[in-house]
Amino acid sequence: MEELRIPGPTPCPPEVLQAMARQMINHRGEEFQGILMGVTDNLKQLFQTKNDLYILTASGTGGLEAAIVNVLSPDDKVLSVSIGAFGDRFATMAERFGAEVTRLSFEWGKPADPDEVRRALQKDSKIKAVLVTHNETSTGVTNDLGAISLVVKEFNKLLLVDAISSLGSINLPVDEWHCDIAVTGSQKGWMVPPGLAMISVSQDAWQAYAESKMPRFYWDIGQAKSYLERNQTPWTPAVSVVFALAVSLEMILKEGLAEIVARHARVAQCAREGVKSLGLSLFADEDFASNTVTAVDSTNGLDPKKLLQVLREKHQIVLGGGQQKLDGRIFRIGHLGWVNESDIEKVITALKVALPEAGFVAAR
Ligand SMILES: *Cc1c(COP(=O)(O)O)cnc(C)c1O
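Note that the structure is predicted; figures quoted are calculated from it, not measured.

1. Considering the sheet that holds strand E1 (residues 3-5)
Sheet architecture is open: 4 strands sit in the order E1-E12-E13-E11, paired in mixed fashion. Edge strands, defined here as strands with exactly one partner in the open sheet, are E1 and strand E11 (293-297). Neighbour-to-neighbour, the strand axes of this sheet turn through a mean angle of 30 degrees, independent of strand direction. The sheet contact formed by E11 and strand E13 (residues 330-334) spans 5 bridges and is antiparallel. When the sheet's bridge partners are listed, Thr294 is paired in E13 with Ile333.

And the structure:
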């Protein structure tokens, strides 16, 4: 069987897959209501939040769109803090909906500098919200969201966080860090197939919702709220994926969030040490290297596309390539969700064999 080591979709445990094979039930019936409320409560625990939390049928991007259309109005000023492809996408979405976006971009591979965020907020008092990616999957960098949040809250701005590839894997205390909206997606660290976005909503975000004039229908969190008061979702949810999530959340809570965060740190350490031991270098600033995805630079003649092909065809291991301007420049190892050190050791062992076939000549 193929080993899928990309930063989502991630492999799912057999119990989770079996849950998806269940016959359909009435999504407005009592049994499903119980499952939905149980899943919602468990997610709140793992988001470390007392905020409202909604499960949307969408990939992660749908959750980000929900964040934008529910708290902003056209012409609102927004500060986008971007360190890679997903940060840029979040900014583009806000622009597409008519927000006036100031882009504060950092060199890819580096984290955002909280002092520069402060300077940008000092420069323009009309900014209403700040968009930040917690873990930038395209570059393998985790921002210091705690520090960025302190700055954003000095100025009392809304903090909208793309936490798609961090929540549930990397520590993100949503309430302690005052995230007004935090978004994740089922196919990342949650060990569940794609299909659900999960989004938390603070009191301040609700305040902004009341004033927001963006057009919205499917993503309207006011609808989500009024239906959840009746233990339901407004529209038909991806029932099978909710079944799967119910099972995965039981597994996650049994292991414990602190242990899961520690496991991701260990596995990531194993990935970083492993690639360095082969003479490769990390793309990300190592002090901010992600615990869910490792981006590796193509140095010493390495053709990353050829490498991915060799790994796939000869070793049945699937890694990720680079996105946008990093296409053909890096490769990425996903290590989030259902993964441990031995899975990564297998990747490193295969890399050792495959690297010379992809043009890599180790420096002496
Ligand atoms: C995967 C990912 C997305 C996009 O999520 P989809 O589920 O593909 O819509 C956005 N941001 C980050 C940080 C991601 O890792």
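2. What to know about helix H8 (residues 221-228)
Restricting attention to buried positions, one finds in H8 the residues Ile221, Gly222, Ala224, Tyr227 and Leu228. For H8, the elements touching its buried residues are helix H2 (30-47), strand E2 (52-57), helix H3 (60-71), strand E10 (196-201) and helix H7 (203-211). One side-chain oxygen at the N-terminal end of H8 lies 2.8 Å from the backbone nitrogen of Gly222; it belongs to Asp220.

3. Examining the domain arrangement of the chain
Entries for the chain in the domain assignment read domain 1 (3-7 + 257-358) and domain 2 (14-254). Each of domain 1 and domain 2 was reduced to a C-alpha centroid, and the two centroids are 26 Å apart. Domain 1 puts 24 residues into the contact, and the matching count from domain 2 is 26 residues. Summed over the shared surface of domain 1 and domain 2, the number is 0 salt bridges. Summed over the shared surface of domain 1 and domain 2, the number is 7 residue pairs in polar contact (both at pLDDT 80 or more). The set of elements that each furnish at least two residues to the side of domain 1 that touches domain 2 consists of helix H10 (257-277), E11 and E13. For the side of domain 1 that touches domain 2, the element with the most residues is H10, which contributes 4 residues. Partitioned by chemical class, the residues of the side of domain 1 that touches domain 2 number 14 nonpolar, 7 polar and 3 charged.

4. Comments concerning the packing of helix H5 (residues 114-123) against helix H6 (residues 145-154)
Axes are the key here: two packed helices are described by the angle between their axes and the distance separating the axes. Closest axis-to-axis distance for the H5/H6 pair is 9 Å, and the angle between their directions is 15 degrees. If you check the angle between H5 and H6, you find them roughly parallel. Crossing angle aside, the handedness with which H5 passes H6 is right-handed. Along its contact with H5, which presents Pro114, Val117, Arg118 and Leu121, the element H6 presents Ala147, Ile148, Val151, Val152 and Glu154.

5. So, the pattern of salt bridges
Following the criterion strictly, the structure yields 22 salt bridges and no others. Linking Asp343 and Arg5 is a salt bridge whose minimum nitrogen-to-oxygen distance equals 3.4 Å. One end of the pair, Asp343, is in helix H12 (residues 341-357); the other, Arg5, is in strand E1, with 338 residues separating them in the sequence. Accessibility assignment for this pair places Asp343 and Arg5 in one class, buried. Among the salt bridges present, the one from Glu286 reaches Lys276, with a minimum N-O distance of 2.9 Å. With Glu286 in the loop between H10 and E11 and Lys276 in helix H10, this pair connects stretches of sequence that are 10 residues apart. The partly exposed category is assigned to Glu286, whose relative accessible area is 37%. Each of Glu3, Arg5, Asp343 and Lys346 takes part in a single network of salt bridges with overlapping partners.

6. A few points about unusual backbone geometry
That bond from Gly8 to Pro9 is cis: its omega, 0 degrees, falls within 30 degrees of zero. Mapped onto the fold, Pro9 is located in the loop between E1 and helix H1 (14-20). If you check the backbone angles, His178 has positive phi at about 50 degrees while not being a glycine. Non-glycine residue Gln324 carries a positive phi angle of around 50 degrees. Within the secondary structure, Gln324 is located in the loop between strand E12 (317-321) and E13. The exposure class assigned to Gln324 is exposed, which follows from its relative accessible area of 55%.

Analysis parameters
Residues numbered from 1 in each chain as written. Predicted model: local features only at pLDDT ≥ 70, side-chain atom pairs only at ≥ 80, totals over all residues. Heavy atoms only, no water. Pairing = 2+ DSSP bridges. Helix = DSSP H or I, 4+ residues; strand = E, 2+ residues; numbered from the N terminus. Axes fitted to C-alpha atoms, helices over the stretch in contact; angles between N-to-C directions. Buried < 20%, exposed > 50% of the residue type's maximum accessible area, 1.4 Å probe, protein only. Contact = heavy atoms within 4.5 Å. Polar contact = N/O pair within 3.5 Å; in protein donor to acceptor, adjacent residues only side chain to side chain. Domains from an automatic or database assignment. Salt bridge = Lys/Arg side-chain N within 4 Å of Asp/Glu carboxyl O. Nonpolar A, V, L, I, M, F, W, Y, C, P; charged D, E, K, R; others polar. Parallel < 35°, antiparallel > 145°, perpendicular 65-115°, else oblique. Left-handed = near helix turned anticlockwise from the far one by under 90°.

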